[in-house]
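# Coordinates in review
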Amino acid sequence: MNLIKKYITMFRADMKEAMTRRCGLDELNNFIMLIGFIFVLIALFTSNWICTLFGAIFIVLCYVRVFSKKLEKRQKENSIYMRYMGGVVAFFDYYKLCIKMRFRTMQDTEYYYFVCNTCHQIIRLPKGKNKISVRCPKCSQTFVKRT
Ligand SMILES: [Zn+2]
């Protein structure tokens, strides 16, 4: 029993050590995974084998990149991707943050949360103030908000 435990802890330590020197989920991998998922979803609904194949290819590609040890190469790929798609990634990140803040506002009884559309800073306002003019603390842009 103890021997098994020992091996498990050794294995875990190895895994942890191994993962720190690997690519992991960078922006490019998120994108590859998303494309893979879209193909898999289409394949599920249409049972089209080409979509299944493409889905599998993208998901395998993502796994290969996640576990890749050639960090420099992977970072180079990601920086090329970010050079062309950085704006799109930032755009989606902004909307994801907006939706998150919408949910937070719904759960919070005292505060209203929103995201500055220029610098993406989260701004918190007390609820029930009706129309209010606020300035972003980070980029000084002013907004008129209804809370
Ligand atoms: Zn701002």
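How each quantity is defined
Residues numbered from 1 in each chain as written. Predicted model: local features only at pLDDT ≥ 70, side-chain atom pairs only at ≥ 80, totals over all residues. Heavy atoms only, no water. Pairing = 2+ DSSP bridges. Helix = DSSP H or I, 4+ residues; strand = E, 2+ residues; numbered from the N terminus. Salt bridge = Lys/Arg side-chain N within 4 Å of Asp/Glu carboxyl O. Buried < 20%, exposed > 50% of the residue type's maximum accessible area, 1.4 Å probe, protein only. Core = buried A, V, L, I, M, F, W, Y, C linked by side-chain atoms within 4.5 Å. Domains from an automatic or database assignment. Contact = heavy atoms within 4.5 Å. Buried area = accessible area lost by both parts, 1.4 Å probe. Polar contact = N/O pair within 3.5 Å; in protein donor to acceptor, adjacent residues only side chain to side chain. Nonpolar A, V, L, I, M, F, W, Y, C, P; charged D, E, K, R; others polar. Expected span 1.5 Å × (residues − 1). Bend = angle between axes of the 7 residues up to and from the residue. Patch = residues over 30% accessible without salt bridge, like charges linked within 9 Å, V, L, I, M, F, W, Y side chains within 5 Å. Areas by Shrake-Rupley, 256 points an atom, 1.4 Å probe, with all protein chains shown as cover. Donors = N, O, S within 2.8 Å, 3.2 Å for Na, K, Ca; no water. Tetrahedral: all angles 85-135°; square planar, octahedral: opposite > 155°, others 65-115°. 1 Å grid on protein atoms, 1.4 Å probe; cavity = no way out; pocket = protein on both sides within 12 Å on 5 of 7 lines; lining within 4 Å. Points joined across faces, edges and corners; volume = space filled by probe spheres on them.

Moving on: the pairing of strand β4 (residues 142-146). Bridge count for strand β3 (residues 131-135) against β4 is five bridges, and the pairing is antiparallel. In the strand pairing of β4, V134 is matched with F143. In textbook terms, the turn of a hairpin is the stretch between consecutive antiparallel strands, and for β3 and β4 this stretch comprises six residues, one of which, S140, has a positive phi near 65°.

Our next topic: the pattern of salt bridges. In the structure shown here, the tally under the stated rule is four salt bridges. E77 serves as the salt-bridge partner of R74, at 2.9 Å between the closest nitrogen and oxygen. With R74 and E77 both in helix α4 (residues 71-107) and three residues apart, the pair spans about one turn of that helix. You can call R74 buried: its relative accessible area is 13%. Of the charged contacts in the structure, one is a salt bridge between K96 and D93, with a shortest N-O distance of 3.8 Å.

We now examine the nonpolar core. Membership of the largest hydrophobic core is limited to seven residues, which are F114, C116, I123, L125, V134, C136 and F143. With six residues, the next largest nonpolar core counts L28, C62, V66 and Y81 among its residues.

Here we take up the domain arrangement of the protein chain. Examined at the domain level, the protein chain breaks down into domain 1 (22-107) and domain 2 (110-147). Taking the mean C-alpha position of each, domain 1 and domain 2 sit 31 Å from one another. The interface of domain 1 with domain 2 comprises seven residues on the first partner and nine residues on the second. Of the roughly 750 Å² buried between domain 1 and domain 2, counting both surfaces, carbon and sulfur atoms make up 73%. On the domain 1 side of the contact with domain 2, Y94, M101 and T105 bury the most area, a combined 65% of that side's loss. Remark: the boundary between domain 1 and domain 2 carries zero salt bridges. Linking domain 1 to domain 2 there are two residue pairs in polar contact (both at pLDDT 80 or more). Broken down by class, the residue content of the side of domain 1 that touches domain 2 amounts to five nonpolar, one polar and one charged.

A few words on α4. Compared with the 54 Å implied by 1.5 Å per residue over 37 residues, the 41 Å span of α4 between its first and last C-alpha is markedly short. Taking the largest bend as the criterion, α4 deviates by roughly 75°, centred on M85. Buried within α4 are the following residues: R74, N78, Y81, G86, V89, Y94, M101 and T105.

A contiguous nonpolar patch, built from W49, I50, L53, F54 and I57 and spanning about 520 Å² of accessible area, is present on the exposed surface. Secondary-structure assignment places L53 in helix α3 (residues 49-66). Judged by its relative accessible area of 44%, L53 is partly exposed.

Turning next to the coordination of the zinc ion. Surrounding the zinc ion are the protein donor atoms C116 (SG), C119 (SG), C136 (SG) and C139 (SG), at 2.2 to 2.3 Å. If you look at the zinc ion, its four donor atoms make angles of 103 to 114° with each other, and the shape they trace is tetrahedral. Positions of the donor residues of the zinc ion, expressed as sequence spacing, correspond to C-x2-C-x16-C-x2-C. With C119 in the loop between β1 (111-115) and β2 (122-126) and C136 in the loop between β3 and β4, this pair connects stretches of sequence that are 17 residues apart.

Here we take up the layout of surface pockets. In this structure, the largest pocket spans a volume of roughly 360 Å³. Lining the largest pocket, in full, are E27, N30, F31, L34, Y81, M85, V88, V89, F92, D93 and K96. Looking at the lining of the largest pocket, the elements with two or more residues in it are α2 (27-46) and α4. When residues of the lining of the largest pocket are assigned to their parent elements, the largest contribution, seven residues, is made by α4. Each residue belonging to the lining of the largest pocket can be placed in one class, and the counts come to seven nonpolar, one polar and three charged. Y94, C98, M101, R102, T105, Y112, Y113, F114, V115, N117, F143 and K145 together form the lining of the second largest pocket. The leading source of residues in the lining of the second largest pocket is α4, at five residues. Here the lining of the second largest pocket is built from residues that sort into eight nonpolar, two polar and two charged. Structurally, the lining of the second largest pocket is a two-domain feature, drawing no fewer than three residues from each of domain 1 (22-107) and domain 2 (110-147).

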